[in-house]
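Residues per chain are reported as follows:
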Amino acid sequence: MALLKVKFSQKKRVKLAQGLWLMNWFSVFAGILVFSMGLFLKIELRKRSEVMDNSESHFVPNSLILMGILSCAFNGFAGKICYDSLDPAKFAKWKPLLKPYLALCFFFNTLIFFTALICFLMRGSLESTLAQGLKNSMKFYRDTDTPGRCFMKKTIDMLQIEFKCCGNNGFKDWFEIQWISNRYLDFSSKEVKDRIKSNVDGRYLVDGVPFSCCNPSSPRPCIQYQVTNNSAHYSYDYQTEELNLWRRGCREALLHYYSSMMSSMGAVVLLVWLFEMSVMVGLRLLHTSLESITNPEDPECESEGWILENSLKDTLKSALESLKKIGKFNQVEADAEGAEGEEGGKTPAITTVS
């Protein structure tokens with residue numbers, strides 16, 4: 001028994017073809033939207049590529065860009081088929097291509113679905129990328145005179161100001177690295193010498209943060225040095241002074257920014273997938289309804305369209321049997337080739353008669 005069998009009159013077939021033609025062009029615009037989202041996400045990721053550890057995060061925008069291009073190509077081609085299906089003479093040339101095309105459409109829609117899932121599931125990979133990337137970038141904050149790293153201070157400062165964050169996980173991350181360049185340290189000062197000697201790696205560590213960590217909404221001037229020394233400042237307790245520095249780490253801020261963006265894009269791609277599936281189902285109904293016309297000379301006669309010629313269970317069973325036959329055929333060919341090789345390798349026996 002056919003799955004989703006529908007009877008079509010000539011008028012219904014025309015309406016279906018016209019509706020599908022319109023839907024395919026809407027899908028082309030949806031493909032352009034998906035392509036644009038991928039391009040936008042790629043640009044946003046590239047803006048902050050210096051604070052990311054690897055390029056794995058670009059898998060999502062690259063997938064969106066590819067799906068957008070394929071969507072435009074597939075739906076443009078399907079629109080042409082739907083337009084030509086109104087004329088039996090023009091439709092005849094597309095008949096041999098429709099089954100392979102529908103198989104490609106099914107594969108393409110599967111890819112779109114997985115692309116939507118990837119948009120929702122890339123949070124973990126993005127979090128590790130940002131955590132390691134920010135950690136490495138903060139180490140280069142002081143290298144303002146080093147070629148290839150001189151821009152890192154500006155990048156980190158602009159990032160902290162824009163996203164209202166400080167450090168990797170929080171402002172205390174700056175206490176663990178030397179973020180002040182040696183160029184601006186007075187090595188004749190006893191304080192500087194003591195701090196460097198007290199550190200195993202010979203680094204100048206302070207309980208201070210860059211100016212970009214300061215919260216401009218704070219009612220008091222920013223305290224960026226001796227942050228943990230309550231006695232160094234009047235009426236100050238760094239554990240309760242929440243308005244002075246940004247408390248949120250930049251990893252969390254960036255992760256929230258990109259995750260919310262990817263989730264929104266994933267929802268849009270999921271809607272595009274549903275729309276593409278409905279177009280594919282409609283195209284299959286149009287294809288089968290045109291093929292099942294009993295009298296091609298009478299285009300106004302009724303016909304039947306279906307999604308699957310047999311039930312889903314029977315279709316899966318026949319597909320598995322076909323795969324088994326292909327496997328057996330390949331095995332027989334391999335055995336035959338092996339037997340021929342063995343026969344060819346044998347040396348004919350020569351009998352000498354004396």
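What you see is a predicted model; the values in this text were computed from it and never measured.

Student: Pulling in residues and values, what's your account of the side chain of Asn168?
Tutor: Structurally, the position occupied by Asn168 is in the loop between helix H6 (152-163) and helix H7 (190-197). The residues contacting Asn168, other than those within four sequence positions of it, are Ala131, Leu134, Lys135, Met138, Asp173, Gly249, Cys250, Arg251 and Glu252.

Student: Lay out the state of the cysteines with the relevant residues and their values.
Tutor: Per the counting criterion, the structure on display carries three disulfides. Disulfide partner of Cys166: Cys213, at an S-S distance of 2.1 Å. Between Cys166 and Cys213 the disulfide shows an S-S torsion of about 85 degrees. By sign, it is right-handed. One end of the pair, Cys166, is in the loop between H6 and H7; the other, Cys213, is in the loop between H7 and helix H8 (250-291), with 47 residues separating them in the sequence. Each member of the pair, Cys166 as well as Cys213, is classed as buried. Across a sulfur-sulfur distance of 1.8 Å, Cys214 and Cys222 are joined as a disulfide pair. In this structure the cystine formed by Cys214 and Cys222 twists about its S-S bond by roughly -75 degrees; its chirality is therefore left-handed. With cysteine numbering restricted to those in disulfides and following the sequence, the protein has the pairing 1-6, 2-3, 4-5.

Student: Outline the environment of Ile65, listing residues and values.
Tutor: Counting through the fold element by element, Ile65 comes out in helix H2 (residues 59-84). C-alpha of Ile65 to C-alpha of Gly38: the two residues are 27 residues apart in sequence and 5.0 Å apart in space. Apart from residues no more than four positions distant in its own chain, Ile65 is found in contact with Phe35, Gly38, Leu39 and Lys42.

Student: Please set out the pattern of salt bridges residue by residue, giving values where relevant.
Tutor: Inspection of every chain in the model, using the stated rule, returns nine salt bridges. Glu162 is paired through a salt bridge with Arg48; the nearest N and O atoms lie 3.1 Å apart. Here the residue Glu162 occupies a position in helix H6, and Arg48 occupies one in the loop between helix H1 (10-47) and H2, the gap between them amounting to 114 residues. Ionic pairing is found between Lys153 and Asp157, a salt bridge with its closest N-O pair at 3.0 Å. Here Lys153 and its partner Asp157 are both found in helix H6, four residues apart, which amounts to about one turn of the helix. One salt-bridge network, held together by shared partners, links Glu44, Lys47, Arg48 and Glu162.

Student: Provide a residue-level description of the packing of aromatic side chains, including the pertinent values.
Tutor: Pairs of aromatic rings are described using the distance from one ring centre to the other and the angle between the two planes. Inspection of every chain in the model, using the stated rule, returns 12 aromatic pairs. With 6.3 Å between their ring centres and 75 degrees between their planes, Trp174 and Trp179 make a pair best called edge-to-face. In terms of burial, Trp174 and Trp179 fall into one category: buried. Counting every residue linked through ring pairs, the aromatic cluster contains Phe74, Phe77, Tyr101 and Phe108.

About the cut-offs
- Residues numbered from 1 in each chain as written.
- Predicted model: local features only at pLDDT ≥ 70, side-chain atom pairs only at ≥ 80, totals over all residues.
- Heavy atoms only, no water.
- Helix = DSSP H or I, 4+ residues; strand = E, 2+ residues; numbered from the N terminus.
- Contact = heavy atoms within 4.5 Å.
- Disulfide = S-S within 2.5 Å.
- Buried < 20%, exposed > 50% of the residue type's maximum accessible area, 1.4 Å probe, protein only.
- Salt bridge = Lys/Arg side-chain N within 4 Å of Asp/Glu carboxyl O.
- Phe/Tyr/Trp six-rings, centres within 6.5 Å; stacked < 30°, edge-to-face > 60°.

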